[in-house]
Amino acid sequence: MEHRGLDPYGYFEREGSLGRIQEEFRPVVAAAREAIAEAYGQRLHSAYLYGSVPRGTARPGRSDLDLLLALHREPAQDDRDAAEVLTRALDEDFPQIDGTGILLFGKDTLLSDAERHDLGWFVACLCTPLLGADLAEHLPRYRPDSLLARETNGDLAVLLPGWRARARAASTPQELRALSRAFARRLVRTGFTLVMPRWGGWTSDLAQSAEVFGAYYPERAAQMRAAAAVALDPVADPAVLRSYVEDLGPWLADEYTSRHGIKTPRPPA
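Residues numbered from 1 in each chain as written. Predicted model: local features only at pLDDT ≥ 70, side-chain atom pairs only at ≥ 80, totals over all residues. Heavy atoms only, no water.

## Description of the overall build of the protein
So, point 1. Summing up its helical and strand segments, the protein has 11 helices and 4 strands in all.
So, point 2. Whereas a compact globule of 269 residues would reach a radius of gyration of roughly 18 Å, the protein reaches 18 Å, a difference of no more than 12%.
So, point 3. Buried positions account for 49% of the 269 residues belonging to the protein.
So, point 4. As displayed, the protein has an accessible area near 12800 Å², and 53% of this comes from carbon and sulfur atoms.
So, point 5. Here the protein carries 32 positive and 38 negative side-chain charges, and the mean point of each set is 4 Å from the other. (Helix = DSSP H or I, 4+ residues; strand = E, 2+ residues; numbered from the N terminus. Rg over C-alpha atoms; globule rule 2.2 N^0.38 Å. Buried < 20%, exposed > 50% of the residue type's maximum accessible area, 1.4 Å probe, protein only. Areas by Shrake-Rupley, 256 points an atom, 1.4 Å probe, with all protein chains shown as cover. Lys, Arg positive; Asp, Glu negative; His and termini not counted. Charge placed at Lys NZ, Arg CZ, Asp CG, Glu CD.)

As structure tokens, then:
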């Protein structure tokens, strides 16, 4: 029977664990844990890994190290500066990672009602505890329903104007590859969560996400498979970005809104 990331009661299983980290990435994680504790001290409530490293699917030299830090208060400029210093140090010291990304949030934001089915779900289901007390203990259990689909990825229509501006402004191969990767990842994940309630499960695997989507929208299956490939191996092709912001993206945004509605607006940061 196909495993769909749910327990016997239909709730999400937490993906990833420290035990799944591949041998070549363990020194990176150990260094990150030590550096985070030193940089943030008492300001830090807890730290988490997410992405391919705790899932045990990271590719040496190709995968990012993704971290989420929950602070006791909302992040200030000194917190963001510390994150920048930390990411540079890890990137320079460990060639097995292709960059480090750090998300910073106050713990009250992560536990808020507004973020219950977005950031809260993300912490509880997709993040692996690295340091501190696990915020998941204060969050509910989650099912793959339409509310979760709406609150996680129901803002694609809002994002598209900004995407178009960024695509027009991109000129160097490096910029084009970075955007192709970011846009493709978001499109594949949005395509998957569009059909997630019907499929009745969860996967973070982009290739599998595209295949699941394609079973419900065969007329768009080839486009989504191609986007999953670009998400893993980005391209410096302006035509690919145009196809995302002029065709696949708008169609997906309209279909998503029709199926699940629009993500609840958040107050300005």
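## A few points about the pairing of strand β2 (residues 65–71)
So, point 1. Among the 7 residues that make up β2, 7 are buried, leaving the element largely enclosed by the rest of the structure.
So, point 2. Alternating residues of β2 divide into L65, L67, L69 and L71 and D66, L68 and A70, and every residue in both groups is buried.
So, point 3. Pairing geometry for β2 and strand β3 (residues 100–106), over 7 bridges, is parallel. Bridged to L67 within β3 is I102. (Pairing = 2+ DSSP bridges.)

## So, helix α10 (residues 221–232)
So, point 1. Compared with an ideal rise of 1.5 Å per residue, which puts 12 residues at 16 Å, α10 spans 17 Å between its outermost C-alpha atoms and is within 8% of the ideal.
So, point 2. Every buried residue of α10 is accounted for by A221, M224, A227, A228, V230 and A231. (Expected span 1.5 Å × (residues − 1).)

## Examining the nonpolar core
So, point 1. Core analysis: the biggest nonpolar cluster contains 58 residues, and F12, W121 and Y244 have the highest contact counts within it.
So, point 2. Looking at this core, the element that brings in the most residues is helix α8 (residues 173–199), giving 11 residues.
So, point 3. In this structure Y244 touches S180, F183, A184, L187, A227, V230, G249 and P250, once residues within four positions along its chain are discounted. (Core = buried A, V, L, I, M, F, W, Y, C linked by side-chain atoms within 4.5 Å. Contact = heavy atoms within 4.5 Å.)

## Points about the sheet that holds strand β1 (residues 44–50)
So, point 1. Spatial strand order, β3-β2-β1-β4: 4 strands in an open sheet with mixed pairing. Each edge of the open sheet carries a strand with a single partner, namely β3 and β4 (127–132). The sheet shows a mean angle of 25° between the axes of neighbouring strands, taken without regard to direction.
So, point 2. As defined by bridge partners, β1 adjoins β2 across 6 bridges and the pair is classed as antiparallel. Within the sheet, the bridge partner assigned to L49 lies in β2 and is L67.
So, point 3. The sheet strands contacting helix α3 (residues 77–93) are β2 and β3, and the helix crosses β3 at an angle near 160°.
So, point 4. The strands that helix α5 (residues 119–126) touches are β1, β2, β3 and β4; relative to β4, the one it contacts most, it runs at about 85°. (Axes fitted to C-alpha atoms, helices over the stretch in contact; angles between N-to-C directions.)

## Observations regarding the packing of aromatic side chains
So, point 1. Evaluated as defined, the whole model comprises 10 aromatic pairs.
So, point 2. Measuring from centroid to centroid gives 5.7 Å for F192 and W199, while their planes differ by 75°, and the two rings are edge-to-face.
So, point 3. Residue W199 is classed as buried on the basis of its relative accessible area of 8%.
So, point 4. Through a chain of ring-to-ring contacts, the aromatic side chains of F12, W121, F192, W199 and W202 assemble into a single cluster. (Phe/Tyr/Trp six-rings, centres within 6.5 Å; stacked < 30°, edge-to-face > 60°.)

## Digging into the environment of G19
So, point 1. Inspection of the secondary structure puts G19 in the segment before α1 (26–40).
So, point 2. G19 gets classed as exposed once you look at its relative accessible area, which sits at 66%.
So, point 3. As a C-alpha pair, G19 and R55 span 36 residues in sequence and 9.2 Å in three-dimensional space.

## Remarks on the side chain of S209
So, point 1. Secondary-structure assignment places S209 in helix α9 (residues 206–216).
So, point 2. Excluding anything up to four places from it in sequence, S209 contacts V188, F192 and T203.

## Considering the packing of helix α7 (residues 156–169) against α8
So, point 1. Viewed as axis vectors pointing N to C, α7 and α8 meet at an angle of 165°, and their least axial separation amounts to 11 Å. Relative to α8, the element α7 lies roughly antiparallel. Along this stretch, α7 crosses α8, giving a crossing that reads as left-handed. Contact with α7, carried on its side by L156, L159, W163, R166, A167 and A169, involves E175, L179, F183, R186, L187 and T190 of α8 and no other residues of that element.
So, point 2. Residue composition of the contact of α7 with α8, by class: 8 nonpolar, 1 polar and 3 charged. (Parallel < 35°, antiparallel > 145°, perpendicular 65-115°, else oblique. Left-handed = near helix turned anticlockwise from the far one by under 90°. Nonpolar A, V, L, I, M, F, W, Y, C, P; charged D, E, K, R; others polar.)

## A look at empty space enclosed by the protein
So, point 1. Inspection of the entire model under this criterion finds 1 cavity of 30 Å³ or more.
So, point 2. Considered as a void within the structure, the largest cavity measures approximately 30 Å³ in volume.
So, point 3. Around the largest cavity, the lining residues are N153, G154, D155, L156, A157, A253, Y256 and T257.
So, point 4. Breaking the lining of the largest cavity down by element, the ones donating at least two residues are α7 and α11 (238–260).
So, point 5. Considering each element in turn, the lining of the largest cavity owes the most residues, 3 residues, to α11.
So, point 6. Partitioned by chemical class, the residues of the lining of the largest cavity number 4 nonpolar, 3 polar and 1 charged. (1 Å grid on protein atoms, 1.4 Å probe; cavity = no way out; pocket = protein on both sides within 12 Å on 5 of 7 lines; lining within 4 Å. Points joined across faces, edges and corners; volume = space filled by probe spheres on them.)

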